[in-house]
Amino acid sequence: MWVLLRGGYPLRMLLPLRAEWMGRRGLPRSLAPGPPRRRYRKEALPALEVPVLPVTATEIRQYLRAHGIPFQDGHSCLRAPSPFVKALELKDQSGATASFSLFIDKTTGRFLCMTSLAEGSWEDFQASVEGRGDGAREGILLGEAPEAEDSEEVRRIWDRAVPLWELPEPVEGQLARVMFGLTKVTDDTLRRFNVRYLWSARSLVFPWLSPGGLGLRGLKLLGAEGQGDGVQYKETTIPRPGVYYNLFGLPLISRRDVEVVLTSRELDSLALNQATGLPTLALPRGIACLPPALLPYLEQFRRIVLWLGDDLRSWEAAKLFARKLNPKRCSLVRPGDQQPRPLEALNRGLNLSRILRTALPAWHKSIVSFRQLREEVLGELSNVEQAAGIRWNRFPDLNRLLKGHRKGELTVFTGLCSTPLQGQQAVERRHSSFAVGRLEEQLDKYDEWADRFEDLPLYFMTFHGQQSIRTVIDTMQHAVYVYDICHVVIDNLQFMMGHEQLSTDRIAAQDYIVGAFRKFATDNSCHVTLVIHPRKEDDDKELQTASIFGSAKASQEADNVLILQDRKLVTGPGKRYLQVSKNRFDGDVGVFPLEFNKSSLTFSIPPKSKARLKKVKDDNGLVTKKPSSGKKGAVPQNSETCLGQSHHPYQPDVSKPSR
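To keep things clear, this report deals only with the structure shown in the data block. (Residues numbered from 1 in each chain as written. Predicted model: local features only at pLDDT ≥ 70, side-chain atom pairs only at ≥ 80, totals over all residues. Heavy atoms only, no water.)

## Considering the pattern of salt bridges
Next up, step 1: Considering all chains together, one arrives at 26 salt bridges under this definition.
Next up, step 2: Where glutamate 259 meets arginine 303, a salt bridge forms, and the shortest distance between an N and an O atom there is 2.7 Å. Linking glutamate 259 in strand β13 (residues 259-263) with arginine 303 in strand β15 (residues 303-306), this pair joins segments that are 44 residues apart in sequence.
Next up, step 3: Classification of arginine 303 as partly exposed rests on a relative accessible area of 30%.
Next up, step 4: Here glutamate 557 makes a salt bridge to lysine 553, at a shortest N to O gap of 2.9 Å. Of this pair, glutamate 557 and lysine 553 both sit in helix α19 (residues 553-557), four residues apart, which is roughly one turn of that helix.
Next up, step 5: Assessed through its relative accessible area of 26%, lysine 553 is described here as partly exposed.
Next up, step 6: Taken together, the shared-partner salt bridges in this structure form one network comprising Arg61, Asp73 and Lys106. (Salt bridge = Lys/Arg side-chain N within 4 Å of Asp/Glu carboxyl O. Helix = DSSP H or I, 4+ residues; strand = E, 2+ residues; numbered from the N terminus. Buried < 20%, exposed > 50% of the residue type's maximum accessible area, 1.4 Å probe, protein only.)

## Concerning helix α16 (residues 469-483)
Next up, step 1: Counted at 1.5 Å a residue, the expected span for α16 with its 15 residues is 21 Å, and the 21 Å between its end C-alpha atoms agrees.
Next up, step 2: When we look at burial in α16, the residues that qualify are Ile469, Val472, Ile473, Met476, Ala479, Val480, Tyr481 and Val482. (Expected span 1.5 Å × (residues − 1).)

## Some thoughts on the environment of leucine 270
Next up, step 1: With respect to the helices, strands and loops of the structure, leucine 270 is situated in helix α7 (residues 266-276).
Next up, step 2: With relative accessibility at 0%, the residue leucine 270 sits in the buried group.
Next up, step 3: Along the primary structure leucine 270 and glycine 249 are separated by 21 residues, whereas in three dimensions their C-alpha atoms are 8.9 Å apart.
Next up, step 4: Those residues in contact with leucine 270 that lie beyond four places of it in its chain are Leu182, Val185, Thr189, Leu190, Phe193, Val195 and Phe248. (Contact = heavy atoms within 4.5 Å.)

## Section: α7
Next up, step 1: Most of α7 sits inside the fold, with nine of its 11 residues counted as buried.
Next up, step 2: Just past α7, the residue glycine 277 takes up positive phi, approximately 75°.

## Notes on unusual backbone geometry
Next up, step 1: Of the consecutive residues isoleucine 238 and proline 239, the connecting peptide bond is found in the cis state with omega at 5°.
Next up, step 2: With respect to the helices, strands and loops of the structure, proline 239 is situated in the loop between β12 (230-238) and β13.
Next up, step 3: Asparagine 492 follows aspartate 491 through a cis peptide bond whose omega is 5°.
Next up, step 4: Residue placement: asparagine 492 occurs in the loop between β20 (487-491) and α17 (493-496).
Next up, step 5: Of note in this structure, leucine 117 is not a glycine but carries a positive phi near 65°.
Next up, step 6: Along the polypeptide, leucine 117 turns up in the loop between β6 (111-113) and β7 (119-120).
Next up, step 7: The phi torsion at lysine 403 lies on the positive side, around 75°, for a residue other than glycine.

## Remarks on the side chain of threonine 276
Next up, step 1: Along the chain, threonine 276 turns up in helix α7.
Next up, step 2: From its side chain, threonine 276 meets the backbone oxygen of leucine 272 in a polar contact 2.7 Å long.
Next up, step 3: Separated by 3.2 Å, the side chain of threonine 276 and the backbone nitrogen of leucine 278 make a polar contact.
Next up, step 4: What threonine 276 contacts, discounting residues up to four positions off in sequence, is Leu352, Ser353 and Leu356. (Polar contact = N/O pair within 3.5 Å; in protein donor to acceptor, adjacent residues only side chain to side chain.)

## Description of the packing of aromatic side chains
Both the distance between ring centres and the angle between the ring planes are used here to describe each pair of aromatic rings.
Next up, step 1: Inspection of every chain in the model, using the stated rule, returns 11 aromatic pairs.
Next up, step 2: Considering the side-chain rings of tyrosine 63 and tryptophan 122, the 5.3 Å spacing of their centres and the 75° angle between planes classify their relative orientation as edge-to-face. Placement of the pair is tyrosine 63 in helix α2 (residues 57-66) and tryptophan 122 in helix α3 (residues 122-129), with a sequence separation of 59 residues.
Next up, step 3: Take tryptophan 122: its relative accessible area is 5%, and that puts it in the buried class.
Next up, step 4: When the centroid spacing of 6.0 Å and the interplanar angle of 20° are considered together, the rings of phenylalanine 180 and tyrosine 233 count as stacked. Of this pair, phenylalanine 180 sits in helix α5 (residues 170-180) while tyrosine 233 sits in strand β12, and the two are 53 residues apart along the sequence.
Next up, step 5: Given the relative accessible area of 26%, tyrosine 233 is considered partly exposed. (Phe/Tyr/Trp six-rings, centres within 6.5 Å; stacked < 30°, edge-to-face > 60°.)

Encoded structure:
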């Protein structure tokens, strides 16, 4: 079973138990969003019996030309006349023809009609053009309709919320402004963006309005809690985050606007718009993801400035999103002490217009000197911990060795005796691992854990058994584009190799596959973990890097090599250790003990074990530097399980947002 994780930037959730929080803060438990429903025509398109092959922009253009459909080439989409709008509906109020209202994503082929809000896959569009199916030329897919329960909850909360200046107690309004940093944001700005405040939940309420600002489709509630000397923001959305596609500020955008500033928070959009007067939009999921469904709404802009935050992860997300938006029209605001996030800049009295003028172009043809890299180097040196990647919550020893889990790297994991599981079985085991216990023994808590598990940025590829490497890579690229996936786990290499017809030499075929995964990780800034079974070794010998099945290609291409050692004992079960035998980031290698919990299907560090981190000799026989005691600055263990396969002890915990 193969896993896709947006682990680098987990979705931000209000609390692990959202419904429990709502009960405490005066909101009903029914506020917890349910699954979306998509309304179809009476006769929907038949399900395809063969796998859908990825489509390219060239194929889309050729199809449109072959069927006589005119189109315009945009930044990330193709625009064409919509077959889902009748001729009489193509006239707007001024009598002008509202043609070319259909947007087709160049990468996925998915379409969106701005007039009828019909949307669907490339296969749906082809069926409509060719007259297949009962819904042809009438809009087969009518867009996602919210649950009736969600709609009622949205309306009820919105009606209870009031503007800050209309609160009965002026002190409450002043306290809210201080907590949310809105002391310099005027009432006119809040009124223009239609921001309200829900007193019972102590939360700001941001509306998700339909195109044109006519209907209310959803809400985002932003709460603030004091944490030491600072404030921690917590948010929830209706509907759930997976289908919350609100570009906050979109109703204020004019058709004549050609420049926009994208932010990761609604509060930053308020500050930017007030200080500069420029059109601003806030991404619905912050730096976690830029859903392709939003790209058609950004097609009209010739220049997009991304000002997503004040840390290294925001900078990395900005570069990633610029690739999706077309980097030639994007500029990025680099984080720095004099270039914080917009709301902080406003409160500090900085000139936001001047900061925007310093935005760097996201695209350049080539690098000709160190001058173009010096700021990149400074950013890495100024944010050493963030540059090292996301740290593991449950494995402090792994943090001391690898320093973190970084995007763009290839990790080879060997020593596992895993049997690939089919979809439902794999999900069941990961669900039990996430719940830290057997769910069949606590069925009364299944819905609670299922709701939490569903909100995780975790996806599964449905492949099982032998697969073509080209099909797998195409699927991974689709996942990176659509879901902004940051971590892919392939388990395992030998199981998928039988389908390859590249060569009769199995070793050469494996080398080709490893090279393909290496290139994918680098080109897409996505961490790839590749499980490769070891060679057969004597029971009294430990596994080495050379024990990886195949040639030396796998260990050479890998940034990290992890080996699960199982030292068998005559008197009982053996002792297990995780060995880091290669670490390209800073060279530290070592080994530490592990214990498998059968009830929760998770690995953890033995609680009573005195044997801590042990540095070992590297492949050249040199002893690495002596480790510290490990007590000072250690990362506390977390009782929650990590995601992925239950026998993958190294995988970072994505059940919580990274700070």
